[in-house]
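Given next are the chains, with one letter for each unit.
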Amino acid sequence: MAARVKLFGFVGGFVCGAAVSTGSCLTVLKLYRLDPEEQSTPGREDGADNEVQQLIGRFGLPETGAEVRYYANHALSYDQARKTPRWVAEHLTNHKLRGKANRKHCKFRADPAIPACFSAGNEDYLGSGWSRGHMAPAGDNKQSEQSMAETFYLSNIIPQNYENNAGFWNRLEMYCRELTQRFQDVWVVSGPLVLPREEEEDGRKMVSYQVIGKDAVAVPTHLFKAVLVQNSTDVNNDNDNDQSAAPVLALGAFVVPNRPIGFERPLTDFQVSLPELERASGLRLYPGLPRPTADLCELDGCQLMGFKEFTLYLTGRKVSGARSLVKLEQFMSELSQQEIQPDDYLNDLYLQKKKELLLRANREQPEGKTGAG
DNA sequence: CGGTCGACCTGT
DNA sequence: ACAGGTCGACCG
C-alpha cells in the first residue's frame, strides 16, 4: 500500500507541475480520482475539467488497440503486447455448423486489420515448439469460406501445445458444437491466460511465460473457455401444460493448462466459477447475463469424447480423406490394432470409400489386375 | 477434427 | 541460386 501512496503522490506532483498554467492541483487530483466510468464520459460541460482533459490529451492519449473487432462469424479483442487475442467470442447454432468449407483452402496469415508492428507472423510460430491454436475454431465455420478463412488470421491464434490442441482442447471444441444439438443457441468466449506459478519455495507467486519468435509472441500458461447455452423452451420438459416455461440459460467456465491432457481427466476437473475466471482473466464475461446462472455441467454433463469414441471419429475423418486403397486399409487395421471395432457409421464410410477408390483405379488403369469387372 | 513438414514448382 | 507459395504425406 505504501508504494501505491508514494506513486500517487509522484503522479499528482508531476501533473501539477505540467499543468501549472491552468487549473489547480486540486482539480487535477480530483480528476485523477474520478471513477473510470466518469472519466470516459464525454460531454461534461463542466468547464475546468474539460479544459484539463483537453490539455492532457493534447497529443493524444495512449491507445491499447483492444477495441472489439468484428469478423464474419467471430469477434475479438487483441493484445498488442502479447500479439495474441485477449478473448474471442462466437455464437454457434446447429444450422451454422453445416456446410462444406474446407481448412485445406485456408492459410494462417497476419490479420490485415492489425498494425504490422503489433502483429505476429507465421515465422514466430514455425519451429518454435508450439502450434498455432485457433481460439474461434475453423470447425465452427463450415458454413462459409470467408468466415473460416478469417479464423486463420493470427489475431485469432495463440501458441498452443500440440497434443493439447489436437487432443483435449479439440474435444472441448467438439463438445461445444455438440451442444448445438441440444440447445438452440450456444455462445463461446475463449482466450489465453498467463497465471502465476503456483509454487515458489519462499511463498512468492510469480508470473512468467515464454515468448517466441522475433515478435515475442506470448505463450499462455492456460486457456479459458466460457460456454453459455440457451433454449427458449426447455426441450427436456415434456410437460405441455407448463405455460411459464422460462428460457433455459446455463453456463460453464473452464481453465485448461496449455500442456498435454489425457483422456483420464474429465472436463469438470477444469471447471471454475464465472467470478473466478473473471478475476483471473481481468475480463467481465457476458456482462449482460442475469446472474447467477445454472451450471452447464449439472444440466448437460460436460462429457467429452472418450478414447474409443474419439479414435473412431478420427479414423472416420482419415477414411473419408484416404487417397489410396493401401492407406484406406491401413487406417482400418490401425483401428483393430487398438482393439477398437468399427461402428456402423465407420463401416459405411469405409465401404463407400473403398468403392470410390476401386472405381477410380479401374478408370485410370483399366488393364490392371483389378479390371475385367 | 486439430496440426506440421518437406518436396516441388514458380518467379526474379 | 534462393525466397516464396502449393501440395500432399504424415501425426495425435
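The structure contained in this document is the topic of the report that follows. Computed from a predicted structure; not experimentally measured.

Let us now look at helix H13 (residues 344-364). A rise of 1.5 Å per residue sets the reference length of H13, with its 21 residues, at 30 Å; its end C-alpha atoms lie 30 Å apart and thus fit the reference within 8%. Residues of H13 that are buried: Leu346, Leu349, Tyr350, Lys353 and Leu357. Viewed along the axis of H13, the buried residues span an arc of 100°, placing them on a single side of the element. Seen from the buried face of H13, the exposed residues on the opposite side, beyond 90 degrees, are Asp344, Asp348, Leu351, Gln352, Lys355, Leu359 and Arg363. Here the buried face of H13 lies against helix H11 (307-321) and helix H12 (325-337).

A word on the pairing of strand S2 (residues 75-79). Most of S2 is tucked away: five of the five residues are buried. Burial along S2 is two-sided: the face carrying Ala75, Ser77 and Asp79 and the face carrying Leu76 and Tyr78 are both buried. The antiparallel pairing of strand S1 (residues 68-70) with S2 creates a hairpin that spans four residues between the two strands. Strand direction decides the pairing type here: S2 and strand S3 (residues 84-92), joined by five bridges, are antiparallel. Counterpart to tyrosine 78 in the pairing with S3 is proline 85. Hairpin geometry of S2 and S3 is characterised by an intervening segment of four residues between the two adjacent antiparallel strands and by a positive phi of about 60° at lysine 83.

Procedures and definitions
- Residues numbered from 1 in each chain as written.
- Chains lettered and ligands numbered in written order.
- Predicted model: local features only at pLDDT ≥ 70, side-chain atom pairs only at ≥ 80, totals over all residues.
- Heavy atoms only, no water.
- Helix = DSSP H or I, 4+ residues; strand = E, 2+ residues; numbered from the N terminus.
- Expected span 1.5 Å × (residues − 1).
- Buried < 20%, exposed > 50% of the residue type's maximum accessible area, 1.4 Å probe, protein only.
- Arc of directions from axis to C-beta.
- Contact = heavy atoms within 4.5 Å.
- Pairing = 2+ DSSP bridges.

Function cannot be inferred from these measures alone, as they are strictly geometric.
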